[in-house]
Amino acid sequence: MTDNEAFENLKKRLAEKMAGEITLSEKPGECLKKWRLNFEVSQTDISNALQVSPSVISDYESGRRKSPGTLMVSKIVESLLAIDTERGGQKIHAYETMLTNDSSKESIYSTYEYSIPIQFQKLVSLLDAHVLYRGMERPLYGFSVVDSKRSILEMSSYEFQRLYGWSTDRAMIFTKVSTGKSPLVAIRVTNLKPGAIVLHGLGKDEVDPMAVKMAEVDRIPLLCTTKDISEAIAELKKYGQYSIKGI
């Protein structure tokens, strides 16, 4: 198989994943928005590709317009992939290991995807966290809890990207950190940036100032917490379950 054929096959598999998730979602508009943000495509760019008004995309994402049918979903997905392809396919390639390798890593403690995003301040509250740098706050569509040392020492760059699950707009919670600097260095050298970084096990005075500085450079919200990790995971998952039920 040539490189071009492999890339086209990757796009096809990713398109199936995206379209299926959007179509089956209880909140298809939110799901559409998540994927658009994942690919860093503006509403104007996607509307231009579809030759519709930007308000159409906005209405779909906000739920003001009736949920798009499978044909429209397919067109939106194809447009997102086409735009990324024109930009060099960086985002598409970032999902390659998630589509081709389902093996779990011991360094990954827990991952969770939200159907309805959790707001930044709610994350802070559930984790009893201290905000070290507020950065660019945005809705978070999931979280990953990672053994900091093992992920940095044992994971390749492609495997590290798998920590993002199906959305980069997620909280990356690093455990077993000593100063907080190493996770920020790892994030700095990757193409994908999370919606928030949480340093678990450190008080605010124990975090290396350089870690905060690196978060500022990338404008990524940075938190620290000493809350029991099992309790933290349970609280975050419970929030997701309540959100689905509309509680």
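So, here's what we can say about the structure. Given the structure is predicted, the values throughout are model-derived calculations rather than measurements. Each chain has its residues counted from 1, following the order in which its sequence is written. Local features in a predicted model are, by the rule used here, given only for residues with pLDDT of at least 70; side-chain atom pairs are given and counted only at 80 or more, and totals for whole chains, interfaces and linings are based on all residues. The side-chain numbers reported here are obtained from all heavy atoms of the structure, hydrogens and water having been left aside.

### Some remarks on the pairing of strand β5 (residues 196–200)
Item 1. Think of it in three bands: with a 1.4 Å probe and only protein chains considered, a residue is buried below 20% of the maximum accessible area for its type, exposed above 50%, and partly exposed in between. Think of it this way: any DSSP run of H or I at least four residues long counts as a helix, any run of E at least two long counts as a strand, and we number them from the N terminus. Of all five residues making up β5, five are buried, and the element is well covered by its neighbours.
Item 2. Neither face of β5 is exposed, since A196, V198 and H200 on one face and I197 and L199 on the opposite face are all buried.
Item 3. In short, DSSP must find at least two bridges between two strands for them to pair. In terms of strand pairing, strand β4 (residues 171–175) meets β5 through four bridges, oriented parallel. Across the sheet, A171 pairs through a bridge with A196, a residue of β5.
Item 4. Seen with its strands pointing away from the viewer, a crossover is right-handed when the path leading from the first strand over the helix to the second is clockwise. In the classification by handedness, the crossover that spans β4, the intervening helix α11 (residues 181–188) and the parallel β5 is right-handed.
Item 5. Two strands pair when backbone bridges link them, and β5 and strand β6 (residues 222–225) are joined in this way by four bridges, in the parallel orientation. From the neighbouring strand, V198 faces β6, where its bridge partner is L223.
Item 6. Traced from β5 through helix α12 (residues 209–218) to β6, the parallel crossover comes out right-handed.

### Re α11
Item 1. Every buried residue of α11 is accounted for by P183, L184, A186 and I187. Here the buried residues of α11 occupy an arc of 155° about the axis, which is enough to place them on one side. An arc is given here, and it is the one of the directions from the helix axis to the C-beta atoms.

### Points about the packing of helix α1 (residues 3–24) against helix α5 (residues 70–86)
Item 1. At their nearest, the axes of α1 and α5 sit 10 Å apart, and the two run at 140° to each other. When the interaxial angle is binned, α1 and α5 end up oblique. By crossing handedness, the relation of α1 to α5 is classed as right-handed. Within the contact between the two elements, α1 uses F7, K11, L14, A15, M18, A19, I22 and T23 and α5 uses T70, V73, V77, L80, L81 and T85.
Item 2. For this classification, Asp, Glu, Lys and Arg are treated as charged, while Ala, Val, Leu, Ile, Met, Phe, Trp, Tyr, Cys and Pro are nonpolar and the rest, including Gly, are polar. Residue composition of the contact of α1 with α5, by class: 10 nonpolar, three polar and one charged. Every axis in this analysis is a line fitted to C-alpha atoms, fitted for helices over the stretch in contact. Angles between the N-to-C directions lie between 0 and 180 degrees. Any angle from 65 to 115 degrees is called roughly perpendicular, while one under 35 is roughly parallel, one over 145 is roughly antiparallel, and all others are oblique. Here a crossing is called left-handed whenever its near helix is offset anticlockwise from the far helix by less than a right angle, and right-handed whenever the offset is clockwise. Residue contacts follow a heavy-atom distance rule, with two residues in contact if any of their heavy atoms lie within 4.5 Å.

### Regarding the pairing of β4
Item 1. By the criterion of burial, β4 is predominantly enclosed, with five of the five residues buried.
Item 2. Neither face of β4 is left uncovered, since the one carrying A171, I173 and T175 and the one carrying M172 and F174 both have all their residues buried.
Item 3. Inspection of the sheet shows strand β3 (residues 140–147) paired to β4 by five bridges, in the parallel sense. Residue pairing across strands places D147 opposite T175, the latter belonging to β4.

### Description of the pattern of salt bridges
Item 1. What makes a salt bridge here is a side-chain nitrogen of Lys or Arg within 4 Å of a carboxyl oxygen of Asp or Glu, nothing more. Counting across every chain of the model gives 11 salt bridges.
Item 2. Between R170 and E113 there is a salt bridge, with its nearest N and O atoms 3.0 Å apart. On the criterion of sequence distance, the pair formed by R170 in the loop between α10 (157–161) and β4 and E113 in strand β1 (residues 108–118) is long-range, its members being 57 residues apart.
Item 3. Overall, R170 belongs to the buried group, its relative accessible area being 0%.
Item 4. K193 is the partner of D218 in a salt bridge, and the nearest nitrogen-oxygen pair spans 4.0 Å. Taken together, the residues span a long stretch of sequence, with D218 in helix α12 and K193 in the loop between α11 and β5 at a distance of 25 residues.

### Here's the deal with the environment of G20
Item 1. Structurally, G20 is set in helix α1.
Item 2. Residues G20 and T70 lie 50 residues apart in sequence; the distance between their C-alpha atoms is 9.1 Å.

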